[in-house]
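Listed below, chain by chain, are the residues.
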Amino acid sequence: MRLSPLLLLPLALVTLMAAAGQPLTLLHFNDFHGQLEPYEDKETGKVLGGIARLAGLVAAIHAEDPPRPVLLLFAGDLLQGTTTSTLYLGRPDIKLLEEIGVNAAAVGNHEVDFGQDNLRKLASQVDFPLLAANLSAAPEPLPIRPYALFHPEGGPRVAVLGLTTEELVTTTHPRNAVGLGVSDPLAVAQALVPELDAQSDLLIILSHLGLADDRRLAQGVAGVDLIVGGHNHFRFDKPVEENDVPIVQAGERGAYLGRLDLEVEKDRLIKWNYRLIPVDDQAPVDARIAAKVARLVARADQDLLAVVGRAGRELSAQRELIRRGEAPFGDLVADLAREYSGAQVALFNAGGFRASIPAGEVRLKEIYQAFPFRNELVTGMLTGAELQAALDHSAGLDSADNPGGFLQVSGVRLRIQGGKALDVTLNGQPLDPAADYSLVVPDFLAAGGDGYGMLAGLRNPVNTGQLISDMLVAAFRRQGEMDAALDGRIERQ
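Since this is a predicted model, take the numbers as computed values, not measurements.

Asker: Quick question: what am I supposed to make of the sheet that holds strand β23 (residues 420-426) here?
Answerer: Sheets are built from strands paired through backbone hydrogen bonds, the pairs being either parallel or antiparallel. Spatial ordering of the open sheet is given by β24-β23-β22-β28, a layout of four strands whose pairing is mixed. Only two strands of the sheet have a single neighbouring strand rather than two, namely β24 (429-430) and β28 (490-492). Sheet topology places strand β22 (residues 413-417) next to β23; four bridges connect them, and they run antiparallel. Counted as the bridge partner of Q417 is K420 from β23.

In structure tokens, the structure reads:
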């Protein structure tokens, strides 16, 4: 069953009153990142996810007897993380979301990674709305809506307000963010929620903000009944309650489908029951969706299964590892970049490492999954004071949030304490604030991405044209087998 959103109609037209105890089954997932196929969970060894299984679960819930009104929400980050997403720019992915019955989606911070024009094409392909009330674009507006209104038969009137993270304009390449603005989500919600609350029985914020901002909304905006969240990739087996507002997230990559069975009476959420449903081998499979995915993957795999070398150990891009401290994968790539460029220092944002490379034979596909952004290496000069500022910015990021801006490094050694980079040395010598140093970074950082404005002013910048992914491919082909190990270049106290 597909619900038709009453998009941007005058709220006065939506005036039907809800009957007592009106039911609704709310389904949700978030941070899909192009994971059309099932994948193996490293922690459990289970094979999870796959949009054909997700489709099967959604269809089974729609077919339950007695039937209930169903609403399926996606909390953002459709793009990035798989080869098919990179090759086909998410266009098959969003059509498949439409086919499985998504009713509304939040705009995630990765939705502009392939450019604003691509986001426009994605939004124009489907009949469900992409929501972000706090996102603006100039001079050409994006086809993004602030909210959607639904009134499923037999269910309550539902208002869904979309909000996206301010990181949308800092975690993508700056060229993708030209003309974009992201307003404070709290202020935007405070302005819109009273009007929406007055004309709905259930008010949901569909959020790609992360848990900290979701908590802030629950505390600071009266009238919110539920927050369906994303961005952190957190898996909440039961809702987090803040100021009596349930906040839900369902992990990442389609591994779980959140189900909230609720009842609404007189504009109040009077009863709810929540569970996360594993999207595993017990889930029914939609054969038609599975066939579409198989054809897409087969087409992509034709050129991407070539073996380029071997990894002596797993090169892990696990967020809790590479975004919090020194990581073997970070050391390897940063060292290769410094060797390639001849620079004294290499800095890499951990958020650019998108997938692990298993030990053993390494294929092109795995490298492109690890580096899907097609970032190029840029060289230039900066002072020791500017380098110190960049390292301090990295050290000051909250490690509990797994910040993508945390830096993996080569050529320097440092100690992180109290949110500062201390005892920074190059070749055993203390960093000289007045000296000039040569640097190599991804073009994302050279353009000031992830808040590194001090790197946007590199002197004598040279865009080498060398893709990080291609640099790694060449290194594997040249060396045959590569290994990586920690050497203590980053200490955290």
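There's plenty left to go through after this.
Asker: Please clarify how the side chain of D113 should be interpreted in this entry.
Answerer: Its location among the elements puts D113 in the loop between β5 (104-106) and α4 (116-125). One buried charged side chain, D113, makes no salt bridge at all; its nearest oppositely charged neighbour is R354, positioned 6.7 Å away. Side chain to side chain, D113 and H110 meet in a polar contact 2.4 Å long. If sequence neighbours within four positions are ignored, D113 has contacts with Q80, T172, N176 and F373.

Asker: Hey, could you run me through the nonpolar core in this one?
Answerer: The biggest cluster of nonpolar side chains holds 49 residues, and the ones touching the most others in it are F29, I51, L97, I100, L130 and L257. Elements supplying a minimum of two residues to this core: β1 (22-29), α1 (51-62), β4 (70-74), α3 (91-100), α4, β7 (135-137), β10 (180-182) and α7 (287-301). Of the residues forming this core, the biggest block, seven residues, is contributed by α1. Once residues within four sequence positions are removed from consideration, L257 is found in contact with L27, H28, F29, L54, L57, V58, I61, L72, R275, L276, I277 and V279. Counting residues in hydrophobic clusters, the runner-up holds 34 residues, among them L304, I322, F329 and A343.

Asker: How do you make sense of the layout of surface pockets when you look at a structure like this?
Answerer: The gaps left among the atoms become clear once a water-sized probe is rolled over them. Its volume calculated, the largest pocket comes out at about 1,500 Å³. Looking at the largest pocket, it is lined by 45 residues, and the ones nearest its centre are Y39, E40, K42, E252 and R253. Per-element tally for the lining of the largest pocket: the top contributor is helix α10 (residues 364-370), with three residues. Taken together, the residues of the lining of the largest pocket break down into twelve nonpolar, 17 polar and 16 charged. Here the second largest pocket defines a volume of roughly 900 Å³.

Asker: For this particular structure, what's the right way to read the sheet that holds strand β11 (residues 202-208)?
Answerer: Strand order across the open sheet formed by six strands is β8-β9-β11-β12-β14-β13, with mixed pairing between neighbours. Here the strands that pair on one side only, and so sit at the sheet edges, are β8 (147-150) and β13 (240-242). For this sheet, the mean inter-axis angle between neighbouring strands, taken without regard to orientation, is 25 degrees. The strands touched by helix α5 (residues 185-198) are β8, β9 (158-164) and β11; relative to β9, the strand with the most contacts, the crossing angle is about 170 degrees. In this fold helix α6 (residues 211-220) packs onto β9, β11, β12 (226-228), β13 and β14 (245-248), with an angle of close to 40 degrees to the strand it touches most, β13.

Asker: Can you help me understand the packing of α1 against α3 in this one?
Answerer: Each pair of packed helices can be summarised by the angle the axes make with each other and by the distance between the axes. Running from N to C, α1 and α3 cross one another at 20 degrees; their axes reach a closest spacing of 10 Å. Taken as axis vectors, α1 and α3 run roughly parallel relative to one another. Pair α1 / α3 crosses with right-handed handedness. Each of I51, L54, A55 and V58 in α1 lies in contact with α3, whose residues at this interface are L96, L97 and I100. Across the contact of α1 with α3, the residue classes break down as seven nonpolar, no polar and no charged.

Asker: How do you make sense of the packing of aromatic side chains when you look at a structure like this?
Answerer: Centre-to-centre distance and the angle between the planes together describe a pair of aromatic rings. On inspection of all chains with the given rule, the structure shows six aromatic pairs. Relative to F74, the ring of F29 lies with its centre 4.9 Å away and its plane at 35 degrees, an arrangement referred to as tilted. On the criterion of sequence distance, the pair formed by F29 in strand β1 and F74 in strand β4 is long-range, its members being 45 residues apart. Just as F29 is buried, F74 falls in that class too. Seen in terms of ring centroids, F329 and F353 are 5.1 Å apart; in terms of plane orientation they differ by 75 degrees. Their pairing is edge-to-face. One end of the pair, F329, is in helix α9 (residues 328-341); the other, F353, is in the loop between β18 (345-349) and β19 (360-363), and 24 residues separate them in sequence. Taken individually, F329 and F353 each receive the classification buried, so the pair is uniform in this respect.

Asker: For this particular structure, what's the right way to read the pairing of β18?
Answerer: For a regular strand, the rule is simple: side chains alternate between the two faces of the sheet. Burial analysis of β18 places five of its five residues in the buried class, the great majority of the element. Side-chain alternation along β18 places V345, L347 and N349 on one buried face and A346 and F348 on a second face that is also buried. Bridge count for β18 against strand β25 (residues 436-442) is two bridges, and the pairing is parallel. For A346, the partnering residue across the bridge sits in β25 and is V440. Note that β18 and strand β21 (residues 407-410) share four bridges and pair antiparallel. When the sheet's bridge partners are listed, F348 is paired in β21 with Q408.

Asker: What is the right way to read a negative patch on the surface from this model?
Answerer: On the surface, E166, E167, D398 and D401 cluster together into a negatively charged patch. Checked against the element boundaries, E166 lands in the loop between β9 and β10.

Asker: Explanation requested: the confidence of the model for the protein in the structure shown.
Answerer: Close inspection of predicted coordinates is inappropriate in any region flagged by low pLDDT. For the protein, mean pLDDT is 93; residues scoring 70 or higher make up 96% of the total. Here residues 1-19 is modelled with pLDDT under 50, and outside its nearest four sequence neighbours on either side it reaches 45 contacts, counting other chains as well.

What counts and how
- Residues numbered from 1 in each chain as written.
- Predicted model: local features only at pLDDT ≥ 70, side-chain atom pairs only at ≥ 80, totals over all residues.
- Heavy atoms only, no water.
- Pairing = 2+ DSSP bridges.
- Helix = DSSP H or I, 4+ residues; strand = E, 2+ residues; numbered from the N terminus.
- Buried < 20%, exposed > 50% of the residue type's maximum accessible area, 1.4 Å probe, protein only.
- Lys, Arg positive; Asp, Glu negative; His and termini not counted.
- Salt bridge = Lys/Arg side-chain N within 4 Å of Asp/Glu carboxyl O.
- Polar contact = N/O pair within 3.5 Å; in protein donor to acceptor, adjacent residues only side chain to side chain.
- Contact = heavy atoms within 4.5 Å.
- Core = buried A, V, L, I, M, F, W, Y, C linked by side-chain atoms within 4.5 Å.
- 1 Å grid on protein atoms, 1.4 Å probe; cavity = no way out; pocket = protein on both sides within 12 Å on 5 of 7 lines; lining within 4 Å.
- Points joined across faces, edges and corners; volume = space filled by probe spheres on them.
- Nonpolar A, V, L, I, M, F, W, Y, C, P; charged D, E, K, R; others polar.
- Axes fitted to C-alpha atoms, helices over the stretch in contact; angles between N-to-C directions.
- Parallel < 35°, antiparallel > 145°, perpendicular 65-115°, else oblique.
- Left-handed = near helix turned anticlockwise from the far one by under 90°.
- Phe/Tyr/Trp six-rings, centres within 6.5 Å; stacked < 30°, edge-to-face > 60°.
- Patch = residues over 30% accessible without salt bridge, like charges linked within 9 Å, V, L, I, M, F, W, Y side chains within 5 Å.
- Areas by Shrake-Rupley, 256 points an atom, 1.4 Å probe, with all protein chains shown as cover.
- Charge placed at Lys NZ, Arg CZ, Asp CG, Glu CD.
- pLDDT = per-residue confidence, 0-100.

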